[in-house]
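Notes for the structure review
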Amino acid sequence: MSVTREEVAKIASLARIKMGDAELDTMVPELNNILDWVEQLGEVDCSGVEPMTAVIPNTLRLRDDVVDAIPETAGGRREDVLANAPAAEHGFFGVPKVIE
């Protein structure tokens, strides 16, 4: 696959990048080299390789999500929290209607 000077000019126009004739002539071989490299990647045999999201192992450095980890903010205190609400409805904060 290769691109022509006209295609590079169209891409530049779509990207709203102003390019002169010399710049267009410079970009044609550069884009063709990039496309050739991408085609080479398609030739690599990836069978048996599992997909991954990163090249290094990642682990989350967050604490476990435990409900009763901190007694002051733990679960089971719905009534205490809703006691501060201006309007509580069905165990939730009541809010005024926004869309009529």
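Residues numbered from 1 in each chain as written. Predicted model: local features only at pLDDT ≥ 70, side-chain atom pairs only at ≥ 80, totals over all residues. Heavy atoms only, no water.

In the nomenclature of an unreviewed UniProt entry, the protein is known as Aspartyl/glutamyl-tRNA(Asn/Gln) amidotransferase subunit C of Qipengyuania flava. Comment text from UniProt for the protein, heading Sequence similarities (unreviewed entry), reads "Belongs to the GatC family." The record in UniProt for the protein states the following under Subunit (unreviewed entry): "Heterotrimer of A, B and C subunits." (UniProt positions renumbered as here; feature names shortened; annotations may be inferred.)

A word on the environment of Glu 50
Note on placement: Glu 50 falls in the loop between helix H2 (21–42) and helix H3 (78–82). For the pair Glu 50 and Gly 76, spaced 26 residues apart in sequence, the C-alpha separation works out to 43 Å. (Helix = DSSP H or I, 4+ residues; strand = E, 2+ residues; numbered from the N terminus.)

Some points on the packing of aromatic side chains
Summed over the entire model, instances satisfying the criterion amount to zero aromatic pairs. A cation over a ring is seen here: Arg 78 above Phe 92, with NZ or CZ 5.6 Å from the ring centre. (Phe/Tyr/Trp six-rings, centres within 6.5 Å; stacked < 30°, edge-to-face > 60°. Lys NZ or Arg CZ within 6 Å of the ring centre and 35° of its normal.)

Points about the packing of helix H1 (residues 5–14) against H2
As a packed pair, H1 and H2 sit with axes 9 Å apart at the nearest point and diverge in direction by 105 degrees. As summarised for this structure, H1 and H2 are arranged roughly perpendicular, according to the angle between their axes. Residues Arg 5, Val 8 and Ala 9 of H1 form the contact with H2, whose own contacting residues are Asp 21, Leu 24, Asp 25, Met 27, Val 28 and Leu 31. Partitioned by chemical class, the residues of the contact of H1 with H2 number six nonpolar, no polar and three charged. (Axes fitted to C-alpha atoms, helices over the stretch in contact; angles between N-to-C directions. Parallel < 35°, antiparallel > 145°, perpendicular 65-115°, else oblique. Contact = heavy atoms within 4.5 Å. Nonpolar A, V, L, I, M, F, W, Y, C, P; charged D, E, K, R; others polar.)

Here we look at a nonpolar patch on the surface
There is a patch of nonpolar side chains on the surface, built from Ile 34, Trp 37, Val 38, Leu 41 and Val 44 and spanning about 490 Å² of accessible area. Tracing the backbone through its elements, the reader meets Ile 34 in helix H2. (Patch = residues over 30% accessible without salt bridge, like charges linked within 9 Å, V, L, I, M, F, W, Y side chains within 5 Å. Areas by Shrake-Rupley, 256 points an atom, 1.4 Å probe, with all protein chains shown as cover. Salt bridge = Lys/Arg side-chain N within 4 Å of Asp/Glu carboxyl O.)

Notes on unusual backbone geometry
Phi angles above zero are rare outside glycine, and Arg 16 is one such case at about 60 degrees. Structurally, the position occupied by Arg 16 is in the loop between H1 and H2. For His 90, which is not a glycine, the phi torsion comes out positive at approximately 55 degrees. Turning to its location among the elements, His 90 is positioned in the loop between strand E1 (88–89) and strand E2 (92–93).

Here we look at the pattern of salt bridges
Oppositely charged side chains are able to pair whenever their charged atoms sit close together. With the rule as written, the count across this model stands at two salt bridges. Note that Arg 5 and Asp 21 form a salt bridge whose closest N and O atoms lie 2.9 Å from each other. Residue Arg 5 is found in helix H1, and its partner Asp 21 is found in helix H2; the two are separated by 16 residues along the sequence. Given a relative accessible area of 31%, Arg 5 falls into the partly exposed group. If you follow the salt bridges from partner to partner, you end up with Arg 5, Asp 21 and Asp 25 in one network. (Buried < 20%, exposed > 50% of the residue type's maximum accessible area, 1.4 Å probe, protein only.)

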